[in-house]
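# Chains, contacts and geometry: an overview
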Amino acid sequence: MARDDFPTTVDEFFKFAKQQQAEMLDLKFVDMLGSWQHCSFPLDTLDAGTFDEGLGFDGSSIRGWMGIHESDMMAVPDASTGRMDPFFAQPTVSVIANVVDPITRQAFTRDPRHVARKAEAYLAASGIADTCYVGPEPEFFIFDEVRYEQNQHRGYYEIDSVEGAWNTARIEEPNLGYKPSFKGGYFPVSPTDTYHDLRGEMVNEMRKVGIVVEAHHHEVATAGQSEIDMKFQPLLKMADQFLWYKYICKNVAKRQGKSVTFMPKPVFEDNGSGMHTHISLWKGGTPLFAGDGYAGLSELGLFAAGGLLRHAPAILAFAAPTTNSYRRLVPGFEAPVNLALSARNRSAAIRIPMYSKSPKAKRLEFRCPDPSCNGYLAWSAMLMAMMDGIQNRIDPGAPLDRDIYEMTRDEMKHMGIRTTPGSLEEAINALEQDHAFLLRGDVFTEDLIETWITWKRDRELDPMRMRPHPYEFYLYYDN
């Protein structure tokens with residue numbers, strides 16, 4: 001289907017649904033942590049008024065949202081997001097909704113999509129730029145099986161993949177031995193890369209819903225680590241596409257008897273899954289980051305990088321939002337933990353890609369985020385940090401062009417190079433101390449930030465802190 005065929009208005013939405021012989025509407029909206037929720041309705045019970053009034057649901061059952069005493073919420077469909085859902089037996093048109101209060105009709109402050117819409121509006125109103133382009137590189141693992149349990153007397157996980165390096169001796173009748181080694185999965189051809197066709201199926205489904213895919217390939221880790229790259233899009237559109245991306249990867253894998261995870265670090269002693277995020281500002285169709293400064297950046301681009309680096313610890317509370325994220329962001333393992341700018345050094349938090357001399361290709365690549373994040377919140381936080389850097393002319397500091405592993409700690413300290421938080425707790429504490437830049441233009445609200453911090457402390461950090469780790473038995477049981 002050509003992308004021009006997708007609806008942009010309510011009338012076009014119903015014409016599109018009729019042309020596709022859709023019988024159902026699947027209403028999707030994103031919860032605070034970044035997962036889609038949905039409810040389906042027969043199309044013949046809906047009309048144009050649905051796109052003004054919305055459809056009701058219980059907000060108290062959605063993670064991080066309302067209490068039982070104020071649970072009624074309305075989901076108002078955005079007609080321009082209408083796409084055919086590829087995973088239902090009945091022809092079903094999917095639409096993404098914005099969430100509003102049924103009494104005041106005001107947009108809900110904890111709706112992540114509302115935050116992204118406000119971020120784009122704040123950028124345009126600032127006069128700095130009119131478009132923030134985002135191009136993420138999400139990585140993920142494809143497993144054949146996953147088992148886990150956590151209770152009072154048992155805590156374990158077990159993953160398996162036909163591609164796992166640990167399976168070279170497994171009885172497979174016959175075992176042909178084509179298993180990517182640990183850290184040996186980058187760009188092998190078949191038969192070592194066994195998931196080319198599965199990724200191709202994912203790409204095909206993405207293209208059907210209008211996602212422009214640039215490439216797909218096996219990634220560095222063993223056990224089916226993969227990457228599918230989308231062409232850059234405006235922030236809100238890319239955040240919508242990122243949820244389609246996850247949805248499609250998981251469901252295509254499931255119908256082939258596989259399981260996809262976007263956990264940053266599911267495999268010990270191998271590469272984790274990051275989401276390097278390319279980001280740039282444009283105005284009137286002109287890229288603003290190209291210039292004659294370091295690595296071909298403009299002064300505005302350098303200040304944007306300065307803002308990202310200054311606020312990186314707080315940003316990571318949204319962009320690397322899980323305890324597992326910090327199993328990946330570990331110093332000494334080529335992880336992007338150094339809060340510095342570099343043209344080519346991949347251990348730096350911000351890299352300036354040098355593949356092209358075109359001004360349109362000049363952008364910042366923020367390498368710290370991972371695909372467990374909520375794109376609406378993470379990319380909005382990145383945009384707000386860049387705008388703060390531009391408005392306050394924040395110097396990004398000296399570039400990091402040396403091999404980080406040849407530098408002493410004293411040298412790094414002398415250069416003023418900070419590192420990313422060492423844990424989710426440190427990132428949450430940083431957000432608590434440094435979030436005034438997010439509140440400008442009412443893009444983020446104190447309510448949302450307080451709710452996020454409380455959720456992470458009460459629902460993730462404290463439960464992790466209270467449980468014995470399986471490796472502690474290995475370390476301490478016989479002491």
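The structure we're discussing is the one just above.
Report follows, based on the coordinates. (Residues numbered from 1 in each chain as written. Predicted model: local features only at pLDDT ≥ 70, side-chain atom pairs only at ≥ 80, totals over all residues. Heavy atoms only, no water.)

Bringing the nonpolar core into the picture now. Ranked by internal contacts, the top residues of the largest apolar core, which has 128 residues, are Met 202, Leu 281, Leu 364, Phe 366, Trp 379, Met 386 and Phe 444. Ranked by size, the runner-up nonpolar core spans 6 residues in total, among them Phe 143, Ile 159, Ala 223 and Val 267. (Core = buried A, V, L, I, M, F, W, Y, C linked by side-chain atoms within 4.5 Å. Buried < 20%, exposed > 50% of the residue type's maximum accessible area, 1.4 Å probe, protein only.)

With that settled, consider the packing of aromatic side chains. Summed over the entire model, instances satisfying the criterion amount to 26 aromatic pairs. Each ring, one from Phe 140 and one from Phe 262, has its centre 5.5 Å from the other, and the planes form 50 degrees; the classification is tilted. One end of the pair, Phe 140, is in strand S7 (residues 131-143); the other, Phe 262, is in the loop between strand S13 (259-261) and strand S14 (275-283), and 122 residues separate them in sequence. On the basis of an interplanar angle of 40 degrees and a centroid distance of 5.4 Å, the ring pair of Phe 318 and Phe 444 is categorised as tilted. Residue Phe 318 is found in helix H6 (residues 299-319), and its partner Phe 444 is found in the loop between helix H11 (436-439) and helix H12 (446-466); the two are separated by 126 residues along the sequence. Every member of this aromatic cluster is reached through a ring pair, and the members are Phe 140, Phe 242, Tyr 245, Phe 262 and Trp 379. (Phe/Tyr/Trp six-rings, centres within 6.5 Å; stacked < 30°, edge-to-face > 60°. Helix = DSSP H or I, 4+ residues; strand = E, 2+ residues; numbered from the N terminus.)

Turning our eyes to something else, we now look at the environment of Met 412. Structurally, Met 412 is set in helix H9 (residues 409-414). A C-alpha to C-alpha distance of 9.5 Å links Met 412 and Leu 400, two positions 12 residues apart in sequence.

If you walk through the whole model with that rule in mind, you get 24 salt bridges. Residue Arg 110 pairs with Asp 447 through a salt bridge whose shortest N-O separation is 2.9 Å. Highlighted residues: Arg 110 in the loop between strand S6 (92-100) and helix H3 (112-126) and Asp 447 in helix H12, separated in sequence by 337 residues. According to the relative accessible area criterion, Arg 110 is buried, its value standing at 15%. A salt bridge links Glu 299 to Arg 393, with the shortest nitrogen-to-oxygen separation between them at 3.1 Å. Of the two residues, Glu 299 is situated in helix H6 and Arg 393 in the loop between helix H8 (375-391) and H9; the sequence distance between them amounts to 94 residues. One network of salt bridges, in which partners are shared, links Asp 160, Arg 170, Glu 172 and Lys 179. (Salt bridge = Lys/Arg side-chain N within 4 Å of Asp/Glu carboxyl O.)

Read these as spatial facts, not as claims about activity.
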